[in-house]
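Structure assessment
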Amino acid sequence: MTASALGGSLLWVGSVCTASARPVIHVRSPDPHDARARRIVFTETGLAWLRAFEEAVAQTEAEFKQEVGVDVATVVSLGLEAYAGGYSSLESPT
């Protein structure tokens, strides 16, 4: 993933700076296809964190479905997808 692919927003720049200060990503330079861009890759620690996060999300979704039922969980999921689809970027709406 390149920084330019992330949209170049200040939000992403700040996130990358914060994440690169921890051992979860490594910022490589330059991108072989675009010298203006920096390549960003997960470290082994970052990949382990990502796997743990994915597992936590899956567990949370399973617990939510168990608690409210599959039909309600599906409606909530569709509603969240529609809500998130209203944003064309990760920047705060104005």
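The structure contained in this document is the topic of the report that follows. For clarity, every value in this text was computed on a predicted model and none was experimentally measured.

Some words on the overall build of the protein
The secondary structure content of the protein amounts to 3 helices and 2 strands. Along the protein, helices (α) and strands (β) appear in the sequence α-β-β-α-α when read from the amino end. Considering only intrachain contacts with a sequence separation of at least 6, the fraction spanning at least 24 residues in the protein is 30%. Counting only carbon and sulfur atoms, one obtains 60% of the accessible surface of the protein, whose full area is about 7,500 Å².

A closer look at the packing of aromatic side chains
Overall, the coordinates contain 1 aromatic pair when judged by the stated rule. Aromatic pair Trp49 and Phe53: ring centres 5.4 Å apart, planes at 10 degrees, arrangement stacked. Of this pair, Trp49 and Phe53 both sit in helix H2 (residues 44–68), separated by 4 residues, roughly a single helical turn.

Considerations on the pattern of salt bridges
Scanning all chains against the criterion turns up 2 salt bridges. For the salt bridge of Asp31 with Arg39, the shortest nitrogen-to-oxygen distance reads 3.9 Å.

What to know about a nonpolar patch on the surface
Together, Phe64, Val68, Val72, Val76 and Leu80 make up a nonpolar patch on the protein surface, roughly 380 Å² of accessible area in all. Put simply, the parts of the chain that give the nonpolar patch at least two residues each are H2 and helix H3 (70–84). Among the elements that take part in the nonpolar patch, H3 stands out by supplying 3 residues, more than any other. Mapping Val72 onto the fold places it in helix H3.

Some remarks on the environment of Val24
Residue placement: Val24 occurs in the loop between helix H1 (10–21) and strand S1 (25–28). A sequence separation of 23 residues divides Val24 from Leu47, and the C-alpha atoms of the two residues are 7.4 Å apart.

Some remarks on H3
Taking 1.5 Å of rise per residue, the 15 residues of H3 would be expected to cover 21 Å, and the 21 Å separating its terminal C-alpha atoms lies within 8% of that figure. Sparse coverage of H3 is indicated by the burial of 1 of its 15 residues.

Calculation rules
- Residues numbered from 1 in each chain as written.
- Predicted model: local features only at pLDDT ≥ 70, side-chain atom pairs only at ≥ 80, totals over all residues.
- Heavy atoms only, no water.
- Helix = DSSP H or I, 4+ residues; strand = E, 2+ residues; numbered from the N terminus.
- Contact = heavy atoms within 4.5 Å.
- Areas by Shrake-Rupley, 256 points an atom, 1.4 Å probe, with all protein chains shown as cover.
- Phe/Tyr/Trp six-rings, centres within 6.5 Å; stacked < 30°, edge-to-face > 60°.
- Salt bridge = Lys/Arg side-chain N within 4 Å of Asp/Glu carboxyl O.
- Patch = residues over 30% accessible without salt bridge, like charges linked within 9 Å, V, L, I, M, F, W, Y side chains within 5 Å.
- Expected span 1.5 Å × (residues − 1).
- Buried < 20%, exposed > 50% of the residue type's maximum accessible area, 1.4 Å probe, protein only.

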